[in-house]
Amino acid sequence: MPSDASLFPPTAPPARSVAPGLYLVATPIGNLRDMTLRALDVLAAADLVLAEDTRVTAKLLTAYGLRAKLERCDDHASARAAEIAVERLKAGEVVALVSDAGTPLVSDPGYVVARAAIAEGLPVHPVPGASSLLAALCLAGQPADRVLFAGFLPPKSGARKTMLEELRTGRQTLVFFESGPRLKDSLADMAQVLGDRPAAVTRELTKLYEEAVRGSLAELAVDPRCDAPKGEIVIVIGPGETEVASAADVDAALADALTRLPPGEAAAEVSKALNLPRKPLYKRALEMQGRG
């Protein structure tokens, strides 16, 4: 289709006035062109900007010719930042909350501020934009209809495997954040606990060296590209295959349930646990009680 400049007018929709409230402002995760016009409007109007790292946010504001009063809001200062935010919001001011990159409240300390504002009944508004979680999910080539975001796994293998075991039986795509130095060991633990599921390791999303390495978890664990790579990393793992319970498993589950429940309720419990139809389970429960 030929380019038609008239389809892309040089003027954007006019800016709207920014009402008082707390604004959760997404910022670029690597490409400064990913900043939204609405985010710029809010930051320009903000009486106060709460930032995970004020030095990082100061550079971001400078890139767009903006200046604002900055306050730190990291793991050590989030409680104080929440107090300041509530005080300023009650005074009818505009307060913006940003993380170093991406969407606030996703594995960052801004949650404390948002919770405090909500508890006081003060207005809170999301300003959507860049998100490494969603970018990785789009790039991975795995199902996106049911997704569980699990954030960062524990740094030590034992605790990591325990957490992965809790996620093993779920039938959804899993998304994790991880650091380069821990990536190889984490992938090995994932393959051992979750099974050899299809997955993708994405890094440096939206940046010059953006990369997605796809394969099974076992393949990725030995792939040299996944051996302590640099940059921000998001792992996307496809859902596991549905396990079909054996007759012995069904009888064991029913026998346990029947020690606590009547046949109908026992069948309902096992039906939910093993993802099996209730009617034949009820019939089997009666047989086990000599009533079938």
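What you are looking at is a predicted structure, and each value in this text was computed from that prediction instead of being measured. (Residues numbered from 1 in each chain as written. Predicted model: local features only at pLDDT ≥ 70, side-chain atom pairs only at ≥ 80, totals over all residues. Heavy atoms only, no water.)

### Some details on the sheet that holds strand 5 (residues 124-127)
Part 1: One open sheet accounts for five strands, arranged 3-2-4-1-5; its pairing is parallel. Two strands bound the open sheet, and with one partner strand each, they are strand 3 (70-72) and strand 5. Averaged over all pairs of adjacent strands, the angle between their axes in this sheet comes to 25°, without regard to strand direction.
Part 2: Judged from the four bridges that link them, strand 2 (residues 48-51) and strand 4 (residues 94-98) form a sheet pairing that is parallel. When the bridges of strand 4 are listed, Leu48 appears paired with Val95.
Part 3: The strands touched by helix 4 (residues 111-119) are strand 1 (21-25), strand 2, strand 4 and strand 5; relative to strand 1, the strand with the most contacts, the crossing angle is about 150°. (Pairing = 2+ DSSP bridges. Helix = DSSP H or I, 4+ residues; strand = E, 2+ residues; numbered from the N terminus. Axes fitted to C-alpha atoms, helices over the stretch in contact; angles between N-to-C directions. Contact = heavy atoms within 4.5 Å.)

### Topic: the packing of aromatic side chains
The geometry of two aromatic rings is summed up by the distance between their centres and the angle between their planes.
Part 1: Under the criterion given, the structure shown has two aromatic pairs.
Part 2: Pairing Phe149 with Phe177 gives two aromatic rings, centres 5.0 Å apart and planes at 65°, and the pair type is edge-to-face. Placement of Phe149 in strand 6 (residues 147-152) and of Phe177 in strand 7 (residues 173-178) is noted, with a sequence separation of 28 residues between them.
Part 3: Phe149 sits in the partly exposed class, given a relative accessible area of 31%.
Part 4: On the numbers, 5.6 Å between centres and 65° between planes, the contact of Phe152 with Phe177 is edge-to-face. Here the residue Phe152 occupies a position in strand 6, and Phe177 occupies one in strand 7, the gap between them amounting to 25 residues.
Part 5: Here the aromatic cluster, defined as three or more aromatic residues joined through ring pairs, consists of Phe149, Phe152 and Phe177.
Part 6: Lying over the aromatic face of Tyr282, Arg278 brings its terminal NZ or CZ to 5.4 Å of the ring centre. (Phe/Tyr/Trp six-rings, centres within 6.5 Å; stacked < 30°, edge-to-face > 60°. Buried < 20%, exposed > 50% of the residue type's maximum accessible area, 1.4 Å probe, protein only. Lys NZ or Arg CZ within 6 Å of the ring centre and 35° of its normal.)

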